[in-house]
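Residues per chain are reported as follows:
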Amino acid sequence: MLNIQYRTYDLMLRYPFRIALMTRTYTPLVLLEIEVEGITGYGEASMPPYLGETQETCIAFIEKVKKNNILKNIDIQNIDLEYFINEIDNLEPQNKAAKAAFDIALHDLKAKAEGIPLWQLLGSDPEKMPKTTCTLGIDTPSVLRKKAAEATDFDLLKIKLGSDSLVQDREIIETVRSVTDKPILVDANQGWKDPEAVLDFVAWLDTQNTLLVEQPFEKTNFEAAAWLSSRSPLPIFADESCQRLSDIPLVTGAFSGINIKLMKSTGLLEARKMITAARERVLPILIGCMSETSCAIMSAAALAPQCDFADLDGPWLTTNNPFETPILRGGKIVLTNRLGIGI
Ligand code: MG
């Protein structure tokens, strides 16, 4: 007996979230449930508006999966994740978040059917969980100080830059540094233009206890990224430039690390392949997120011990997460022994 259900959900942000490209106050989601023989797998699609998917396109995709009977013959005793996820991927190009919702729900279902936590299904060691960052969007100095002060449970901060100018970006870092000396990750979200000026700025960031810099230039500008990476004292990570497995050969050489997100990779199956491909190329890995509930966050957290850095702060930046907030201990998300995703 197979039952696929979904509902739209608007995930509200604690603060209006400004990054280099845009500001938003909520993120549209679709929450998915796949029930087979009385066991339910939970999935989630998170669709920040600038990425091109909507609740409507996601629902149309889910309906297409149903209409094509892709999951009809699913065997709860032995779910072939590779087969079903590939069938779903082959239905349409794009629809990455919608595909991630299926991938996450199928992984949850398989782990529950096997009576194990998701992290065990993925072969992760909870002892190797990296600390997760708390992200501070672009804001006024007083709000930035407030946000930084509120992030007491986190040992790492991620600072969004790519504001109106590098002068203003420097002021943002100085504001954060006026209240905390915690290590920071910096994310320009494609907002920087002039490589020479950016190199000087990154050299200054290196004096500010910065661990890495994410996506300095427009996502297709591999030339500028390569120029900067070869000269930068800090690792330069690809986020928007690295979406799926097929992008890894393209970013190799231009960047010194990658940011994997389930909503870009189409889910856990491909994220695991990206980890393998990145390790073969000695690229360090950050596992990140969109604005997501505990469903997608705890799915990514189950894979995080296989990565070097984690930016899985969705539940702490939003106000209406319909699931329990994950447990944070020593700045790390705790993986429990609950079955599946554990929500
Ligand atoms: Mg980023």
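Note: the structure precedes this text.
On a predicted model such as this, the values are computed, not experimentally measured, just so you know.

Caption draft 1: Summary view of the coordination of the magnesium ion. Surrounding the magnesium ion are the protein donor atoms Asp187 (OD), Glu214 (OE) and Asp239 (OD), at 2.0 to 2.2 Å. Expressed as a motif, the donor residue spacing for the magnesium ion is D-x26-E-x24-D. Separated by 52 residues along the polypeptide, Asp187 in strand 6 (residues 184-187) and Asp239 in the loop between strand 8 (236-238) and helix 9 (248-251) bring together distant segments of the chain. Taking relative accessible area as the criterion, Asp239 reaches 1% and is therefore assigned buried.

Caption draft 2: Region of the structure containing the sheet that holds strand 2 (residues 23-36). In space, the three strands of this open sheet follow the order 1-2-3, with antiparallel pairing throughout. Strand pairing shows two members of the sheet lacking a second neighbour, strand 1 (2-18) and strand 3 (39-46), which therefore form its edges. Neighbouring strand axes in the sheet, compared pairwise and without regard to direction, differ in orientation by 20° on average. Direction of pairing for strand 2 relative to strand 3: antiparallel, over a ladder of eight bridges. Paired with Leu31 across the bridge in strand 3 is Glu44. Of the strands in this sheet, strand 1, strand 2 and strand 3 touch helix 1 (residues 55-67), which is tilted by about 160° from strand 1.

Caption draft 3: Spotlight on the packing of aromatic side chains. According to the stated counting rule, one finds eight aromatic pairs in the structure shown. Ring plane angle 65° and centroid distance 6.3 Å describe the contact between Phe61 and Phe102, whose orientation is recorded as edge-to-face. In this pair, Phe61 sits in helix 1 while Phe102 sits in helix 3 (residues 96-114), placing the two residues 41 residues apart along the sequence. Take Phe61: its relative accessible area is 2%, and that puts it in the buried class.

Caption draft 4: Expanded view of the environment of Leu317. Along the chain, the position of Leu317 falls in helix 13 (residues 314-317). For Leu317, a relative accessible area of 18% gives the class buried. Those residues in contact with Leu317 that lie beyond four places of it in its chain are Met12, Leu13, Arg14, Cys134 and Thr135.

Caption draft 5: The arrangement of the pairing of strand 9 (residues 257-261) in detail. Across the five residues that make up strand 9, a large majority, five, are buried. Neither face of strand 9 is exposed, since Gly257, Asn259 and Lys261 on one face and Ile258 and Ile260 on the opposite face are all buried. Pairing of strand 8 with strand 9 involves two bridges; the strand directions are parallel. Residue pairing for strand 9: Ala238 is matched across the bridge by Ile258. With four bridges connecting them, strand 9 and strand 10 (residues 285-288) associate as parallel partners. Bridged to Lys261 within strand 10 is Gly288.

Caption draft 6: Just the layout of surface pockets, in detail. Estimates place the volume of the largest pocket at around 670 Å³. Along the walls of the largest pocket sit 38 residues, with Pro48, Tyr50, Leu51, Lys261 and Met290 positioned nearest its centre. When residues of the lining of the largest pocket are traced back to their parent elements, those giving at least two are strand 1, helix 3, strand 5 (156-160), helix 10 (262-265) and helix 13. Tallied by class, residues from the lining of the largest pocket come to 14 nonpolar, 12 polar and 12 charged. One number sums up the size of the second largest pocket: a volume of about 250 Å³. Around the second largest pocket sit 17 residues that line it, and Arg14, Tyr15, Cys134, Trp316 and Leu317 are the ones nearest its centre. Breaking the lining of the second largest pocket down by element, the ones donating at least two residues are strand 1, strand 4 (133-136), helix 5 (141-150) and helix 13.

The rules we used
- Residues numbered from 1 in each chain as written.
- Predicted model: local features only at pLDDT ≥ 70, side-chain atom pairs only at ≥ 80, totals over all residues.
- Heavy atoms only, no water.
- Donors = N, O, S within 2.8 Å, 3.2 Å for Na, K, Ca; no water.
- Helix = DSSP H or I, 4+ residues; strand = E, 2+ residues; numbered from the N terminus.
- Buried < 20%, exposed > 50% of the residue type's maximum accessible area, 1.4 Å probe, protein only.
- Pairing = 2+ DSSP bridges.
- Axes fitted to C-alpha atoms, helices over the stretch in contact; angles between N-to-C directions.
- Contact = heavy atoms within 4.5 Å.
- Phe/Tyr/Trp six-rings, centres within 6.5 Å; stacked < 30°, edge-to-face > 60°.
- 1 Å grid on protein atoms, 1.4 Å probe; cavity = no way out; pocket = protein on both sides within 12 Å on 5 of 7 lines; lining within 4 Å.
- Points joined across faces, edges and corners; volume = space filled by probe spheres on them.
- Nonpolar A, V, L, I, M, F, W, Y, C, P; charged D, E, K, R; others polar.

All we've got here are geometric facts, nothing functional implied.
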